[in-house]
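Examination of the molecular architecture
Here are the chains, one letter per residue:
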Amino acid sequence: MNRIIFALDVYDYNEALSLSRELSNDVFAIKVNWPLVMNNGISIVKEISRYSNVICDFKIADIDNTNRLITEKARENNAWGIITHSFTGRRSLKAVVSAAGDMKVFSLVSMSQESFIDNYTDDLVKMSMEENVYGLVAPGNRIDILRHIRSMSGDLKIIAPGIGAQGGGITDAIMAGADYVIIGRSIYSDPEPLKKVKSLNEILGDD
């Protein structure tokens, strides 16, 4: 199975679609962020979804109604998954899960750099599990935290950013409990992105 989620952190429409087409057969999903959507509109999600699962990394952090509206737009444009903050509380998280339908909800419970939510990670994991999210976002470059979150989270899927440019190692993250690793700059900055992805898959032992 492919364990790489490609972080498509670019602005340009043509570059985004070209990379999506080129890499789609060798990654599990493509993660899009606000810069790409702000530059090209939410319909870019639907276009990329023709090639791969798309995870909208919107890190939603608002009141419940706004969370619902954002989630609905992602779902309407064929997103496979969406990332939300959970520190805004149970009501806001519940709104995302409810509006997501079949779309997978990933709750961010710790970041790839130090932040105040580190003080509440355990509470955020517990609440996320109680609200039936599909998975969690946990840092692949902070192995002790990742390992701790894995120990708490049962069968929830864990996707791990912080790999490559932020210092995390792909095998270290997988061994610590990540199901998928999120990699962006190390791939799209390479002169041969597909070759880079294939080499990373070989390290992971994936086809």
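Residues numbered from 1 in each chain as written. Predicted model: local features only at pLDDT ≥ 70, side-chain atom pairs only at ≥ 80, totals over all residues. Heavy atoms only, no water.

Take the UniProt feature "active site" (unreviewed entry) in the protein next. UniProt marks Asp57, Lys59 and Asp62 with the feature "active site" (unreviewed entry), using the numbering shown here. Checked against the element boundaries, Asp57 lands in strand β3 (residues 53-60). Here Asp57 falls in the buried class, since its relative accessible area comes to 4%. Of note is the side chain of Asp57, whose polar atom sits 2.7 Å from the side chain of Lys31. In this view, Lys59 contacts Asn33, Ile83, Thr84, His85 and Leu108; residues no more than four positions away in its chain are not counted. (UniProt positions renumbered as here; feature names shortened; annotations may be inferred. Helix = DSSP H or I, 4+ residues; strand = E, 2+ residues; numbered from the N terminus. Buried < 20%, exposed > 50% of the residue type's maximum accessible area, 1.4 Å probe, protein only. Polar contact = N/O pair within 3.5 Å; in protein donor to acceptor, adjacent residues only side chain to side chain. Contact = heavy atoms within 4.5 Å.)

In the structure shown here, the tally under the stated rule is 9 aromatic pairs. Measuring from ring centre to ring centre gives 4.1 Å for Trp34 and Phe58, while their planes differ by 20°; the resulting arrangement is stacked. In this pair, Trp34 sits in helix α2 (residues 34-40) while Phe58 sits in strand β3, placing the two residues 24 residues apart along the sequence. When its relative accessible area of 33% is taken as the criterion, Trp34 is described as partly exposed. (Phe/Tyr/Trp six-rings, centres within 6.5 Å; stacked < 30°, edge-to-face > 60°.)

Further remarks concern the nonpolar core. Of all hydrophobic cores here, the largest spans 66 residues; its most connected members are Ile4, Phe6, Leu8, Val32, Ile48, Ile82 and Val181. With 5 residues, the single largest contributor to this core is β3. Leaving out residues up to four positions away in the same chain, Ile82 has contacts with Ile55, Cys56, Phe58, Ile60, Thr71, Ala74, Val96, Met103, Lys104, Val105 and Phe106. (Core = buried A, V, L, I, M, F, W, Y, C linked by side-chain atoms within 4.5 Å.)

Glancing now at the packing of helix α4 (residues 64-76) against helix α5 (residues 90-100). It is the contact of α4 with α5, at a shortest axis distance of 8 Å, that shows an interaxial angle of 25°. As summarised for this structure, α4 and α5 are arranged roughly parallel, according to the angle between their axes. Where α4 crosses over α5, the handedness of that crossing is right-handed. Contacts between α4 and α5 pair Asp64, Asn67, Arg68, Thr71, Glu72 and Arg75 from the former with Arg91, Ser92, Ala95, Val96, Ala99 and Ala100 from the latter. A class-by-class count of the residues in the contact of α4 with α5 yields 4 nonpolar, 3 polar and 5 charged. (Axes fitted to C-alpha atoms, helices over the stretch in contact; angles between N-to-C directions. Parallel < 35°, antiparallel > 145°, perpendicular 65-115°, else oblique. Left-handed = near helix turned anticlockwise from the far one by under 90°. Nonpolar A, V, L, I, M, F, W, Y, C, P; charged D, E, K, R; others polar.)

If you check which residues of helix α1 (residues 13-23) are buried, you get Ala16, Leu17, Leu19, Ser20 and Leu23. Down the axis of α1, the buried side of the element spans an arc of 165°, and every buried residue falls inside it. Buried residues along α1 sit in contact with β1 (4-7), β2 (29-33), α2, α3 (43-48), α9 (185-188) and α10 (193-204). Near the N-terminus of α1, the side chain that reaches the backbone nitrogen of Asn14, with its oxygen 3.1 Å away, is that of Asp12. (Arc of directions from axis to C-beta.)

All right, on to the side chain of Ser24 then. Mapped onto the elements, Ser24 comes out in the loop between α1 and β2. Overall, the relative accessible area of 13% leaves Ser24 in the buried class. Within the structure, Ser24 has its side chain in polar contact with the backbone oxygen of Arg21 (distance 3.4 Å). Not counting chain neighbours up to four residues away, the residues in contact with Ser24 comprise Tyr51 and Ser52.

Attention now moves to the pairing of strand β5 (residues 104-108). Burial analysis of β5 places 4 of its 5 residues in the buried class, the great majority of the element. Relative to β5, strand β4 (residues 81-85) runs parallel, the two sharing 5 bridges. Counted as the bridge partner of Thr84 is Ser107 from β5. Traced from β4 through α5 to β5, the parallel crossover comes out right-handed. (Pairing = 2+ DSSP bridges. Right-handed = clockwise from strand over helix to strand, strands pointing away.)

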